[in-house]
Amino acid sequence: MQSANLALLLTDDAVDDLALAVRTFVPAGSSVVACIFDDSVLWTSMLITVDESGHAASVSTLDGAGAQAGGDMTHAAGEVVSWVQAHYGPCSLGFFVDREHAQALLRASDKAESVRAASAAGALVLSPIPPALAIALA
């Protein structure tokens, strides 16, 4: 179900924006995990690993225990990042957001402002967050 939900979100433009964000903010040899929640239930996820040369090595959704995240987003974020680090190595970016704000972000021309709006609404958890992204959002 996660893959089908992810396909609903990722238009060609969204894929291009995502690729740029990964190249810009995810260091080589690490990973990024993004989870979208709908009514405190994991609706979809994306896990991207970046190889030592800085290229995306794999793209998948969470599986196993990682896919069971739900409830409080902050708590779920901690569990998911721990799971990713145990199975894939260093996780340099965790992006956890509710579905409404994820959809708004993908449509937004100003991505940073959309991220700030989600954060101000209490609908976003960024943990861990790479320094370059923290600076970009400041």
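Data block above holds the structure.
Notes on the structure follow.

**Digging into unusual backbone geometry**
Now for step 1: Cis geometry marks the peptide bond from Ser-127 to Pro-128, where omega comes out at -5°.
Now for step 2: For Pro-128, the location among the structural elements is in the loop between β5 (124-126) and α6 (131-137).
Now for step 3: In this model, Asp-39 sits at a positive phi of 55°, which is unusual for a non-glycine residue.
Now for step 4: Tracing the backbone shows Asp-39 in the loop between β1 (31-38) and β2 (41-50).
Now for step 5: With a phi angle near 65°, Ser-40 is a residue other than glycine that sits in the positive phi range.
Now for step 6: Mapping Ser-40 onto the fold places it in the loop between β1 and β2.
Now for step 7: Take Ser-40: its relative accessible area is 44%, and that puts it in the partly exposed class.

**Considerations on the packing of helix α4 (residues 99-107) against helix α5 (residues 111-120)**
Now for step 1: The interhelical angle for the contact between α4 and α5, taken along N-to-C directions, is 165°, at an axis separation of 8 Å. Between α4 and α5, the crossing angle belongs to the class labelled roughly antiparallel. Between α4 and α5 the crossing geometry is right-handed. Listed contacts from α5 to His-101, Ala-104, Leu-105, Leu-106 and Arg-107 of α4 are Lys-111, Ser-114, Val-115, Ala-117 and Ala-118.
Now for step 2: Considered class by class, the residues forming the contact of α4 with α5 number 6 nonpolar, 2 polar and 2 charged.

**A look at the pattern of salt bridges**
Now for step 1: In the structure shown here, the tally under the stated rule is 3 salt bridges.
Now for step 2: Here Arg-116 makes a salt bridge to Glu-113, at a shortest N to O gap of 3.4 Å. With Arg-116 and Glu-113 both in helix α5, this residue pair falls 3 residues apart, about one helical turn.
Now for step 3: For Arg-116, a relative accessible area of 31% translates into the label partly exposed.
Now for step 4: Residue Glu-113 is classed as partly exposed on the basis of its relative accessible area of 42%.

**Quick word on the side chain of Asn-5**
Now for step 1: Examined against the element boundaries, Asn-5 turns out to sit in helix α1 (residues 2-9).
Now for step 2: Its relative accessible area of 7% is what places Asn-5 among the buried residues.

**Remarks on the side chain of Gln-2**
Now for step 1: By secondary structure assignment, the location of Gln-2 is in helix α1.
Now for step 2: Engagement of the side chain of Gln-2 in a polar contact is seen with the side chain of Ser-45, the distance being 2.3 Å.
Now for step 3: When residues no more than four places from it in sequence are discounted, the contact partners of Gln-2 are Leu-42, Trp-43, Thr-44, Ser-45, Thr-61, Leu-62 and Ala-67.

**A word on the pairing of β1**
Now for step 1: Here β1 lies mainly inside the structure; 6 of its 8 residues are buried.
Now for step 2: Relative to β2, β1 is paired through 8 bridges, and the arrangement is antiparallel. Of the residues in β2, the one forming a bridge with Ser-31 is Thr-49.
Now for step 3: Following β1, the chain reverses through 2 residues before pairing antiparallel with β2; Asp-39 in that reversal takes a positive phi of roughly 55°.
Now for step 4: When β1 meets strand β4 (residues 91-98), the two strands line up parallel, connected through 7 bridges. Among the inter-strand pairings, Cys-35 is bridged to a residue of β4, identified as Phe-96.

Cut-offs used in this document
Residues numbered from 1 in each chain as written. Predicted model: local features only at pLDDT ≥ 70, side-chain atom pairs only at ≥ 80, totals over all residues. Heavy atoms only, no water. Helix = DSSP H or I, 4+ residues; strand = E, 2+ residues; numbered from the N terminus. Buried < 20%, exposed > 50% of the residue type's maximum accessible area, 1.4 Å probe, protein only. Axes fitted to C-alpha atoms, helices over the stretch in contact; angles between N-to-C directions. Parallel < 35°, antiparallel > 145°, perpendicular 65-115°, else oblique. Left-handed = near helix turned anticlockwise from the far one by under 90°. Contact = heavy atoms within 4.5 Å. Nonpolar A, V, L, I, M, F, W, Y, C, P; charged D, E, K, R; others polar. Salt bridge = Lys/Arg side-chain N within 4 Å of Asp/Glu carboxyl O. Polar contact = N/O pair within 3.5 Å; in protein donor to acceptor, adjacent residues only side chain to side chain. Pairing = 2+ DSSP bridges.

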